[in-house]
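Each chain, letter by letter, is given below.
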Amino acid sequence: MSSALPTREPGTAMRSGGVVVSWKRELSDSGVLAAAAQEFYERQVDRLAGLGIDAGGFSLSHVAVRAPTWRDYLETRHGLEAAATANFENVWNGRPISKIVLAEPLMLGERAVDLVELIPPFHQRVYAMGLEHLGFVVGDLQSFVDQHMDVLTGMQFQSRTCTPAYVMFPDYTHVKFYARSLRDECEKEGAVFSGFRHAPWSTADDLAGPYEVL
């Protein structure tokens, strides 16, 4: 797999695997995010159905948004926190990641989800910018993996107790499957969702592109 996306300016669209993937700074607005996330949800659930996975019955853990620059991350974090009740931000894999609890949950299909995982750049793998993945809660993860082994892309080792399975699609968006919600996993490891706190982290170049690693 290539380690870099085709060269483009932040905020423009690229076409990959027949799907346009684009970053929108307006995703910092919870209303814009809600509409975009609904479309994203419908597309990913339909794709999963084609793989034999009926995801419509699963609870949602979170929606993940990946920002193309550190400045975009800060602006989006500020906008979403204005419509949120709390956050938890920690440094993972070399940069902060925010888990933001919205005051008004997003309604995706018939499922409500109030957690947005906001991820900044500085990475060595190819990921879609903007809406990047959905997290579903499947309960018995091992049984789910055994049942769908042939269509899963792999498993991600986020911590000793959190190892979601995932499917990656040709446009580099993902769907992840958890035994428990991401918030439950964070709280199990000691995270507290109360008020707003930010990790003490910054970069010398806040406009560095997605795959320029510090």
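Just above, that's the structure.
Analysis parameters
Residues numbered from 1 in each chain as written. Predicted model: local features only at pLDDT ≥ 70, side-chain atom pairs only at ≥ 80, totals over all residues. Heavy atoms only, no water. Helix = DSSP H or I, 4+ residues; strand = E, 2+ residues; numbered from the N terminus. Buried < 20%, exposed > 50% of the residue type's maximum accessible area, 1.4 Å probe, protein only. Areas by Shrake-Rupley, 256 points an atom, 1.4 Å probe, with all protein chains shown as cover. Pairing = 2+ DSSP bridges. Phe/Tyr/Trp six-rings, centres within 6.5 Å; stacked < 30°, edge-to-face > 60°.

Enquirer: Tell me what's going on with the overall build of the protein chain, and back it up with residues and numbers.
Expert: Per the secondary structure count, the protein chain includes 4 helices and 10 strands. Listed N to C, the secondary structure of the protein chain is β-β-α-β-α-β-β-β-β-α-β-β-β-α in terms of helices and strands. Per-residue burial over the protein chain gives 50% buried out of 214 residues. Only carbon and sulfur atoms are counted for the fraction: they give 50% of the accessible area of the protein chain, which is about 10,100 Å².

Enquirer: Account for the pairing of strand β10 (residues 174-178), with residues named and values stated.
Expert: Buried residues dominate β10, accounting for 5 of its 5 residues. Burial along β10 is two-sided: His174, Lys176 and Tyr178 facing one way and Val175 and Phe177 facing the other are all buried. Pairing analysis gives 5 bridges linking strand β7 (residues 130-137) to β10, with the strands arranged parallel. Counterpart to Leu134 in the pairing with β10 is Val175. By the bridge criterion, 4 bridges tie strand β9 (residues 165-168) to β10 in an arrangement that is antiparallel. Each bridged residue has a counterpart across the sheet, and for Val167 the counterpart in β10 is Val175.

Enquirer: Which residues make up the packing of aromatic side chains, and what values do they have?
Expert: Tallying each qualifying case throughout the model produces 8 aromatic pairs. Residues Tyr41 and Phe136 carry aromatic rings whose centres are separated by 6.3 Å and whose planes lie at 40° to one another, so their mutual orientation is tilted. Taken together, the residues span a long stretch of sequence, with Tyr41 in helix α1 (residues 30-50) and Phe136 in strand β7 at a distance of 95 residues. Neither residue differs from the other here; Tyr41 and Phe136 are each classed as buried. On the basis of an interplanar angle of 20° and a centroid distance of 6.2 Å, the ring pair of Phe136 and Phe177 is categorised as stacked.

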